[in-house]
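Structure assessment
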Amino acid sequence: MKLYDGGQEPEPRRVRIFLAEKGVSVPAEPAAADSPGRESPHQGSPDAPEHAPVLELDDGTVITESMAICRYFEGIRPEPPLFGRGGREGALVEMWNRRVEHSLYDRVSAVVGRADQLAEWGGADKPIVLDFLKRLDHELKERLYIVGAHYTVADITALVAIDVMEQARLVVPDELVHVQRWYAQVSARPSASA
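Residues numbered from 1 in each chain as written. Predicted model: local features only at pLDDT ≥ 70, side-chain atom pairs only at ≥ 80, totals over all residues. Heavy atoms only, no water.

Now for the overall build of the protein. Regarding its fold elements, the protein presents 7 helices and 4 strands. Tracing the protein from N to C terminus, the helices and strands come up as β-α-β-β-β-α-α-α-α-α-α. Expressed as a percentage of the 194 residues in the protein, the buried residues total 47%. A sequence separation of at least 24 residues applies to 67% of the contacts in the protein between residues at least 6 apart. Accessible surface computed for the protein: about 9700 Å², of which carbon and sulfur atoms make up 51%. (Helix = DSSP H or I, 4+ residues; strand = E, 2+ residues; numbered from the N terminus. Buried < 20%, exposed > 50% of the residue type's maximum accessible area, 1.4 Å probe, protein only. Contact = heavy atoms within 4.5 Å. Areas by Shrake-Rupley, 256 points an atom, 1.4 Å probe, with all protein chains shown as cover.)

Structural data, given as structure tokens:
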């Protein structure tokens, strides 16, 4: 098995943090335009951007998309459960991970390395990001992690998003003390440096 890694881009970083939390080591090499999974067998369209992670299994199966790769590893190494414990928590992890992706992660990661988009982004997405952070702050008032008492993939997604906010010229406001507390806590985990 081999992981084609896209460096410090947000998507591959989510996978690396996930693998570090699982205690899984996978041989990796930098992703390139000719890496497996870059071309779809259908109409020659790109299947995965050059910076996206690609996992090639020993049988030749190619898995693209960071959350699909994480789900694969959750299936073969269920401990610790980063997609939730049981149906209720699993559903809450899915709900919060999608909320974080939609209202925070996708909005800030879209402008990483794209200085030409910053002005347009600031007008359109900045208020959505700040509103979501306020909502998250309210939720974290009662919880240790985004979903509850356990660190999950939703925390990984939010950690990566907040880490790239600086590139989008945005910071977590000081008055969001619960987000600040949560961020300090998840940033201190050994996996955060993956």
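Resuming the write-up.
Turning our eyes to something else, we now look at helix α7 (residues 177-187). Turning to α7, its buried residues are Val179, Trp182 and Val186. Buried residues along α7 cover an arc of 65 degrees about the axis, so they all sit on one side. Against the buried residues of α7 lie α5 (126-140) and α6 (153-165). (Arc of directions from axis to C-beta.)

Spatially, β2-β1-β3-β4 is the arrangement adopted by the 4 strands of the open sheet, whose pairing is mixed. Each of the sheet's edge strands pairs with one partner strand only, and the pair in question is β2 (28-30) and β4 (62-64). Put simply, the sheet's adjacent strands are angled 20 degrees from each other on average, direction ignored. Where strand β1 (residues 2-5) meets strand β3 (residues 54-56), 3 bridges bridge the pair, whose relative direction is antiparallel. Within β3, the residue paired with Leu3 across the bridge is Leu55. Across the face of the sheet, helix α2 (residues 66-76) comes into contact with β1, β3 and β4 while running at roughly 125 degrees to β4. (Pairing = 2+ DSSP bridges. Axes fitted to C-alpha atoms, helices over the stretch in contact; angles between N-to-C directions.)

Another aspect to go through is the packing of helix α1 (residues 10-22) against α2. Running from amino to carboxyl end, α1 crosses α2 at an angle of 15 degrees, the nearest separation of the two axes being 9 Å. Between α1 and α2, the interaxial angle falls into the category roughly parallel. For the element pair α1 and α2, the recorded crossing hand is right-handed. Contacts between α1 and α2 involve Glu11, Arg14, Val15, Phe18, Leu19 and Lys22 from the former and Ser66, Met67, Ile69, Cys70, Phe73 and Glu74 from the latter. Grouping the amino acids of the contact of α1 with α2 by side-chain chemistry returns 7 nonpolar, 1 polar and 4 charged. (Parallel < 35°, antiparallel > 145°, perpendicular 65-115°, else oblique. Left-handed = near helix turned anticlockwise from the far one by under 90°. Nonpolar A, V, L, I, M, F, W, Y, C, P; charged D, E, K, R; others polar.)

Attention now goes to the nonpolar core. Membership of the largest hydrophobic core comes to 48 residues, with the highest contact counts inside it found for Leu104, Leu133, Ile146 and Trp182. Among the elements of the structure, α1, α2, α3 (86-109), α5, α6 and α7 are those that each provide at least two residues to this core. In terms of residue count, α6 provides more of this core than any other element does, 10 residues in total. (Core = buried A, V, L, I, M, F, W, Y, C linked by side-chain atoms within 4.5 Å.)

Attention shifts here to α1. With 13 residues, α1 should cover 18 Å at 1.5 Å per step; its first-to-last C-alpha distance of 19 Å lies within 8% of that length. Summarising burial for α1: 12 of the 13 residues are buried, a large majority. Those residues of α1 that sit buried are Pro10, Glu11, Pro12, Arg13, Arg14, Val15, Arg16, Ile17, Phe18, Leu19, Glu21 and Lys22. Phi turns positive, to about 75 degrees, at Gly23, one or two residues after α1. (Expected span 1.5 Å × (residues − 1).)

Any functional reading would require information beyond the geometric quantities listed.
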